[in-house]
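Observations on the model geometry
Listed here are the chains, written in short residue letters.
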Amino acid sequence: MRVTDKLNFTNSVSTLMGAQSNLTKISDQLSSGTKIQNSYEDASIYIDSTRLEYEIATITQVQEATSSSMEMLANTMTTLEDMVQLLENFKVKLTQAASDTNSQTSREAIASELELIIESFVQLANTSVNGQYLFSGSQVNVQPFDLQGNYNGDDNTLNVVTGAGTQTTYNITGWDLMYSSDSDYSKQITTNVSFVDNRYDIINNPEDEVYLDEESSWYQLIGQQYVQDDSLDVDADFEYDSTRLDYPASTLYVQGVRPNGTSFKSAVLIDSEDSIQDVLDYIGTLYGNTTTSKVVEVSINNSGQIQITDYKSGNNLLEFHAVAYTPQVADRTTLTNLIEAAQVEGISMDDVTNRAMDAALVASGGDYTILGEQTVVIQVNGQDFEVSLNQTNFIHSNMTDADGNATDGADYDNVYFEKDGNTVYGTVSQIIRDSSEYATDSTKLSEVMANDSLAGTTLTLNMTSRGGINYEVTIDLENSSFSYVDANNNIISVPIMNVSSDGTSGVVTASNDITYKQLNDIIALFASDNVPTASIVANNNQIDAADWETYQQLLTDSKATIEVNMDYQGRISVTDKLSTNTRMEIALYDSSSTTSFPQPPYTNTASTIDGSNFVFSANNAITIDEPSVDIIKDLYAMVDAVRSGNMRADSESSDPRNTGLQGALERIDHLIDHVSKKNTVSGTYYTTIEGVNNRVAVLKVNVQTMKSEVNDADYAETIINLIQTQTAYQASMKATTTLLQLSLLNYM
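It should be emphasised that the depicted structure is a prediction, and the values quoted were computed from it without experimental measurement.

The next point concerns the side chain of Asp350. As for its placement among the helices and strands, Asp350 is situated in helix 8 (residues 349-363). Look at Asp350: it is buried, it has no salt bridge, and the nearest opposite charge is Arg355 at 12 Å.

With respect to the helices and strands, Ser644 occurs in helix 11 (residues 631-644). For Ser644, a relative accessible area of 35% translates into the label partly exposed. Taking the C-alpha atoms as reference, Ser644 lies 9.2 Å from Glu108; in sequence the two are 536 residues apart.

The relation between two aromatic rings is expressed through the spacing of the ring centres and the mutual angle of the planes. Counted under the stated rule, the structure contains 21 aromatic pairs. On the numbers, 5.1 Å between centres and 20° between planes, the contact of Phe238 with Tyr247 is stacked. In this pair, the class of Phe238 matches that of Tyr247, namely buried. Seen from their ring centres, Phe264 and Tyr287 are 5.1 Å apart, and the 90° between their planes marks the pair as edge-to-face. Taken together, the positions of Phe264 in strand 7 (residues 263-270) and Tyr287 in helix 6 (residues 276-287) put the pair 23 residues apart, joining distant regions of the chain.

Below, the discussion takes up the pairing of strand 17 (residues 481-485). Each regular strand displays side chains that alternate between the two surfaces of the sheet. Note that strand 16 (residues 470-476) and strand 17 share four bridges and pair antiparallel. Counted as the bridge partner of Thr474 is Ser483 from strand 17. Linking strand 16 to strand 17, which pair antiparallel, is a turn of four residues; within it Ser480 sits at a positive phi near 50°. In the sheet, strand 17 pairs with strand 18 (residues 491-495) via five bridges, with the strands oriented antiparallel. Note that in strand 18 the partner of Phe482 across the bridge is Val494. Here strand 17 folds back onto strand 18 in antiparallel fashion, the turn holding five residues, of which Asn489 has a positive phi close to 65°.

On the secondary structure map, Ser397 appears in the loop between strand 12 (383-393) and strand 13 (418-420). Separated by 14 residues in sequence, Ser397 and Asp411 place their C-alpha atoms 9.6 Å apart. Apart from the residues within four sequence positions on either side, Ser397 is in contact with Thr407, Asn619, Pro656 and Arg657.

To continue, consider the pattern of salt bridges. Two side chains that carry opposite charge are able to pair once their charged atoms sit near each other. As enumerated under the stated definition, the model contains 22 salt bridges in all. Across the pair Lys444 and Asp513 runs a salt bridge whose closest N-O atoms are separated by 3.2 Å. Here Lys444 is found in the loop between strand 14 (423-425) and strand 15 (458-464), whereas its partner Asp513 is found in the loop between strand 20 (506-508) and helix 9 (516-527), with 69 residues between them in sequence. Here the residues in one salt-bridge network are Asp182, Asp184, Asp673 and Lys677, joined through shared partners.

Reading the values: rules and limits
Residues numbered from 1 in each chain as written. Predicted model: local features only at pLDDT ≥ 70, side-chain atom pairs only at ≥ 80, totals over all residues. Heavy atoms only, no water. Helix = DSSP H or I, 4+ residues; strand = E, 2+ residues; numbered from the N terminus. Buried < 20%, exposed > 50% of the residue type's maximum accessible area, 1.4 Å probe, protein only. Lys, Arg positive; Asp, Glu negative; His and termini not counted. Salt bridge = Lys/Arg side-chain N within 4 Å of Asp/Glu carboxyl O. Phe/Tyr/Trp six-rings, centres within 6.5 Å; stacked < 30°, edge-to-face > 60°. Pairing = 2+ DSSP bridges. Contact = heavy atoms within 4.5 Å.

The structure is reproduced here in structure tokens:
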């Protein structure tokens, strides 16, 4: 009997507790709106719900990030549109300045307005939103530009996560905006010496100045320079068929870099009757033009200057330099006697030119850059004739050659670096042949070299250090070494080396693996006067630990005063850290630069050899336009052109390497297009991110719906369950109460 009561009691309590639990669970569902509160209640619902909650959180993050990046891009596009408008205003002012009616005063006023536009442009480039600069790359807290266009940010893009494993860029870096290349633009270069008809005395009679064109003859360019006393008759000696003189040919030297990155040096005879078009065609052939195809366009502009345009878009490699030498005698009588002597001997005037060139090269020691300084005696038909060489320049710059003299038209890459305060830099960008990208410190010289190998390549470094000491250093790239003669006339030779695999000693760097950093380290040693005082000898290409440590210590010491690196345009840049106006002077050039040229006899068919493997600074043709830009510096150069009033590059101006107003107008179109493209890119980024933002908004609703279906309680169903559970609970309570009230009397 007691067993039965106990059993009834236990069952009743268990039923009541279960009913209470069900009531609590249903109450929680009604209050929270979800089916479960804890993972143990239903593992399947919990797992699905947690997964969907994570997806919602991820989508929310993407939605917020894309919204933020869209805001930044919207501000970027607005800023770029304003920049384009400023550049268009700049072009209007340039066009106004190009009018011949402007006085110097009006040009100065226009230049001042242009400078204000540049300042406004820089201010836009320094735009910040919510404390973050738009064009600083990843360094959003750093103001990107100063008024000179120097960039303080980086070239890292900002990316927003748009999904699992996917990102989209949402900024335009200052580097990309101001310096990047446009692959749809070609390099265009020009000479700055205008070819004029030199038969006339244009110094005393400037009204007789006439620019030559394609139809002009070569003898018009040489004109009175066939003789020293300007005694030739303009009509009888040049124009009349019956009296025209048989002038000697000119030797034209041309060197440069082809569109494919290979360099060349060439010599050819230009006959006096040849047209300027013949000369242009010859130059084009050197670059690879044929009768059926062209790789460059060679033309002469309205100012009598030769222009060359690379047909390959996006290519930055094109270079050009030329100079011509023409035999010159004292007067007309001597010239006619020379012509008659050649006729009697039975030789042509081409042969006369070759005799003069051969003698002049012997006199100059094979240095073609000083041929114009030579006066030689040649023999024709047994008669001696004193002949000098008249030099016809194509290019002139305010540079200094490697001998410390002002450059003339014959100097090319044997020139000193440019100086700007405490920095000395090369004027020629080092460009990787395969990609047309600028070289960096880690770039190998073999990636830039113009020829097929470094065999036989030796560089000469003429250096005046920051301490005023002069050095002449020979850098043997084929054998990976450099050397110089010290104050005691001892030859100090050191291998070009890098660290060994175990990090304790050095190993000679293979020729093709030498980097620009290693070349720059050599420059730093001599610029800082931390030079090796004893030779270092490699044993089986290995450098012992002591010598390696000594060399590394010299490099470390040099860095305290000198910084040498490749700048943003791939040029070698040397900075004196302890000076505002350094004493450093640097010339770095191919050791065979001035002597390695085709030798006489020359013909009307070009003799061509490989040119310099490297050019670091040069008196080369001036760049009108090229794929890469440097917006702020380009704009300031245009302002200089406005102040000078030069329509084109002018060899006689204070800045002969400025392209003038015509070049400025062509370049400004490129700059406008460049910034417009960046705006288009920003718009593309914005559209892409906006699409992602819209998609994730819809996706978020869908996932929330799925989560609701998985875990949200059905209120109607839950209320019904509540009523049923309450009824069962009340019935259970009633039954339990009744059972507990039974006594022994009830059973009896």
